[in-house]
Amino acid sequence: MADRKFGFDTLCLHAGQIPDMATGARALPIYQTTSFVFDSADHAASLFNLQTFGNVYSRISNPTVCALEERVAALEGGRAALAAATGMAAQTAALLTLAKNGDHIVAARTLYGGTYTQFAVTFSEFGIDTTFVDPDEPESFRRAIKTNTKLLYAETIGNPQLNVVDLAALAEVAHEAGVPLVIDNTLASPYLCRPIEHGADIVIHSATKYLGGHGTTMGGVVVESGKFDWGNGKFPQMTTPSRGYHGVIFHETFGDFGFTMKARMEAMRTLGPALSPFNAFLLLQGIETLHLRMPRHCESALAIAQHLAADARVAWVNYPLLPGNRYETLARRYLPRGAGGILTFGIKGGRDGGAAAGVRFIEAVQFLSHLANVGDAKTLVIHPASTTHRQLNEEEQRAAGVLPEMIRLSVGLETLDDILWDVDQALATASR
Amino acid sequence: MIVDDIVGLRRILSQSRTLAVVGLSANWYRPSYFAAKYMRDHGYRIVPVNPTYEEVMGEPCFPDLASAKKATDSPIDIVDCFRKPEEIVPLARDAIAIGAKVLWMQLGIRNNEAARIASDAGLDVVMDRCVKIEYARLMGGLNWAGVNTGVISARRPLTSHG
């Protein structure tokens, strides 16, 4: 008899967490311990040799953290996952497992600013170069691929441009070149899009956003599909004895979760950005209602986008599922259940222009929170030109997709009419 | 019968005690050694089968299944194959001859003809799965490596040791 294929909602509550072996506790126990005793010298040797599965030290694995890892792997339809202290840490562990000094990345030009800087500055200083290309044109990725290219990188929904990428087309380009497609799925969450189903090989999350969902906790997760052929000759680090782990050949020994094991035993163990068990617990609590929260985020965001589009004080509104949006077709294909809770808009400039009106709007809102995060249960608002992107001049801001008047809303779970009321009264002040 | 579901794999792993590991390497960092050592640490008896060695993991190693069977006082339950797909058909016949109950082809190995031969003789057949990974997936331990085990249950796990 075939195993039952459980639904997404069931996985949100159960995947990765059977009752505690020791106590029968139904809720996830927080194993707040740095280390785990060995049963014997031979057990210790087997653990260090990776001949048995088990916990040694919470920098490498922890029973509370692994429940989060397995749950996110299950939600994404992946084979295995590795959690990290933040989304940026997860990305670092994933990418340094794929690329080293002398290697090359092809990435979408429209990336979250932290990721852009990680590639353009930090990885560049490690000797890993990135070519940034137009995410609307899969061909631009193909043209940028070189013999030393190790991965293609994009976001399901770009931040803050809210552009949607053609995942299947990018996967085809990546696989023709024998490299994995790495997708940051943070703004969609696996409820709205599972990139592995469209050909992605590795999925990265800032769990800080919708997965955790309550703005309490930093965390990141890397998911491996289990489908990429690491034995294709382009990844000797997977198929030859590991220098970082006494001769283990990760692809041969661990098969379709070899990438995750390598990232765990080398990158996570030696770079050290482990997720705390308590944070894993909080993120898991969030995931238990992911399937209830995401539809509401999406419904309210679309309603607010439509409301703003009909408001004479508003110059433009950007939400992928808004009729006529440049990414509407791709959004309907890849995000049929909703395009997430984030939208951007610009207020018509008065005498002092749209940027000044944007600042006035931010200062006039009553309960929308002015801060630099997205994916909280509460509605968040920011004016990128005067905050996250203020170190750039206007020309650089425009290149990054940030117009002077742009306001970004991360729509929360409050009463929709109340959010609309706050937006409306702030618009009145801003447009005065 | 080809077994590929959780209930069937659990039944095989809980009813079996002795594994003949065909192609077991004496090098500690080879996958076959990992798997055999793990299974021995979890209570299974390992009978190494490999013409290259006389002893592996401190156990006598036999050139083939027939001589392994002759020298082993307990029944051989699982024939665990770390051999190329094209070498599995004769192993299926040998497994039938020694009265094994399960023909198990390791990760990456499938041979439909061998599966049919063994199934027709009443053996359970597992293909393209690692015995160690399946044990850890279903009895506990693999989850600690962040792997999606597919196990959804509100029952406490049976074993206390990964």
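Note that the structure is predicted; figures quoted are calculated from it, not measured. (Residues numbered from 1 in each chain as written. Chains lettered and ligands numbered in written order. Predicted model: local features only at pLDDT ≥ 70, side-chain atom pairs only at ≥ 80, totals over all residues.)

Caption draft 1: The arrangement of the overall build of chain B in detail. For chain B, the count of helices and strands is six helices and seven strands. Secondary structure of chain B in N-to-C order comes out as α-β-α-β-β-β-α-β-α-β-α-β-α. Computed over C-alpha atoms, the radius of gyration of chain B comes to 15 Å, within 12% of the 15 Å expected from 2.2 N^0.38 for 162 residues, which places it in the range of a compact globule. The buried share of chain B, taken over its 162 residues, is 49%. Long-range pairs, those at least 24 residues apart, make up 56% of the contacts in chain B with a sequence separation of at least 6. (Helix = DSSP H or I, 4+ residues; strand = E, 2+ residues; numbered from the N terminus. Rg over C-alpha atoms; globule rule 2.2 N^0.38 Å. Buried ≥ 20, exposed ≤ 12 C-beta atoms within 10 Å, placed from the backbone. Contact = placed C-beta atoms within 7 Å.)

Caption draft 2: A look at helix 1 (residues 6–15) of chain B. All names here are of chain B. Residues of helix 1 that are buried: Ile 6, Leu 9 and Leu 13. End-on view of helix 1: buried residues confined to an arc of 70 degrees, all on one side of the axis. In helix 1, the exposed residues that point more than 90 degrees away from the buried face are Val 7 and Gln 15. Looking at the buried side of helix 1, the elements it contacts are helix 6 (131–139). (Arc of directions from axis to C-beta.)

Caption draft 3: Structural context of unusual backbone geometry. Residue and element names in this part refer to chain A. Omega for the bond connecting Asn 159 with Pro 160 falls within 30 degrees of zero, at 5 degrees, which places this linkage in the cis form. Turning to its location among the elements, Pro 160 is positioned in the loop between strand 4 (149–155) and helix 7 (167–176). The phi angle at Leu 162 is positive, at roughly 60 degrees, despite the residue not being glycine. Note on placement: Leu 162 falls in the loop between strand 4 and helix 7.

Caption draft 4: Structural context of the sheet that holds strand 1 (residues 80–84) of chain A. Residues and elements named next belong to chain A. Read from one edge to the other, the open sheet built from seven strands follows the order 1-7-6-5-4-2-3, with strand pairing classed as mixed. One side of each edge strand has no neighbouring strand; the edge strands of this open sheet are strand 1 and strand 3 (129–133). For this sheet the average axis-to-axis angle between neighbouring strands, irrespective of direction, equals 20 degrees. Relative to strand 7 (residues 220–224), strand 1 runs antiparallel, the two sharing five bridges. (Pairing = 2+ DSSP bridges. Axes fitted to C-alpha atoms, helices over the stretch in contact; angles between N-to-C directions.)

Caption draft 5: Spatial organisation of the nonpolar core. If you look at the biggest cluster of nonpolar residues, it comprises 193 residues, and the most contacted ones within it are Leu 152 and Val 222 of chain A together with Val 79 and Leu 103 of chain B. Counting the residues that make up this core, at least three belong to each of domain 1 (8–287) and domain 2 (291–430) of chain A. Residues in contact with Val 222 of chain A, not counting those within four places in the same chain, are Ala 81, Leu 82, Ala 90, Ala 93, Ala 94, Ile 202, Ile 204 and Ala 263 of chain A. (Core = buried A, V, L, I, M, F, W, Y, C linked by C-beta atoms within 7 Å. Domains from an automatic or database assignment.)

Caption draft 6: Molecular detail of the interface of chain A and chain B. With 39 residues of chain A at the contact, the number on the chain B side is 34 residues. Contributions of two or more residues to the side of chain A that touches chain B are made by helix 1 (8–14), helix 3 (63–75), strand 1, helix 10 (250–254) and helix 11 (258–271) of chain A. Looking at which element gives the most residues to the side of chain A that touches chain B, the answer is helix 3 of chain A, with six residues.

Caption draft 7: Layout of the packing of helix 4 (residues 88–97) of chain B against helix 5 (residues 112–120) of chain B. Residues and elements named next belong to chain B. Between helix 4 and helix 5, the least distance of the axes is 8 Å, while the angle of their chain directions is 10 degrees. With respect to each other, helix 4 and helix 5 are oriented roughly parallel. For helix 4 against helix 5, the interelement crossing comes out right-handed. Mapping the contact onto sequence places Ile 88, Val 89, Leu 91, Ala 92, Arg 93, Ala 95 and Ile 96 in helix 4 and Glu 113, Ala 114, Ile 117 and Ala 118 in helix 5. A class-by-class count of the residues in the contact of helix 4 with helix 5 yields nine nonpolar, no polar and two charged. (Parallel < 35°, antiparallel > 145°, perpendicular 65-115°, else oblique. Left-handed = near helix turned anticlockwise from the far one by under 90°. Nonpolar A, V, L, I, M, F, W, Y, C, P; charged D, E, K, R; others polar.)

Caption draft 8: Inspection of the packing of helix 13 (residues 290–309) of chain A against helix 17 (residues 416–430) of chain A at higher detail. Residue and element names in this part refer to chain A. Between helix 13 and helix 17, the shortest axis-to-axis distance is 11 Å and the interhelical angle comes to 35 degrees. Judged by the sense of rotation from one axis to the other, the crossing of helix 13 with helix 17 is right-handed. When helix 13 is examined against helix 17, the residues Ser 300, Ala 303, Ile 304 and His 307 are found in contact with a partner set consisting of Leu 416, Ile 419, Leu 420 and Val 423.

Caption draft 9: Inspection of the domain arrangement of chain A at higher detail. All names here are of chain A. Domain boundaries in chain A define domain 1 (8–287) and domain 2 (291–430). In this structure, domain 1 and domain 2 have C-alpha centres spaced 30 Å apart. Counting residues at the interface gives 26 residues for domain 1, matched by 28 residues for domain 2. Every element with two or more residues in the side of domain 1 that touches domain 2 is listed here: helix 1 and helix 8 (189–192). Partitioned by chemical class, the residues of the side of domain 1 that touches domain 2 number 13 nonpolar, ten polar and three charged.

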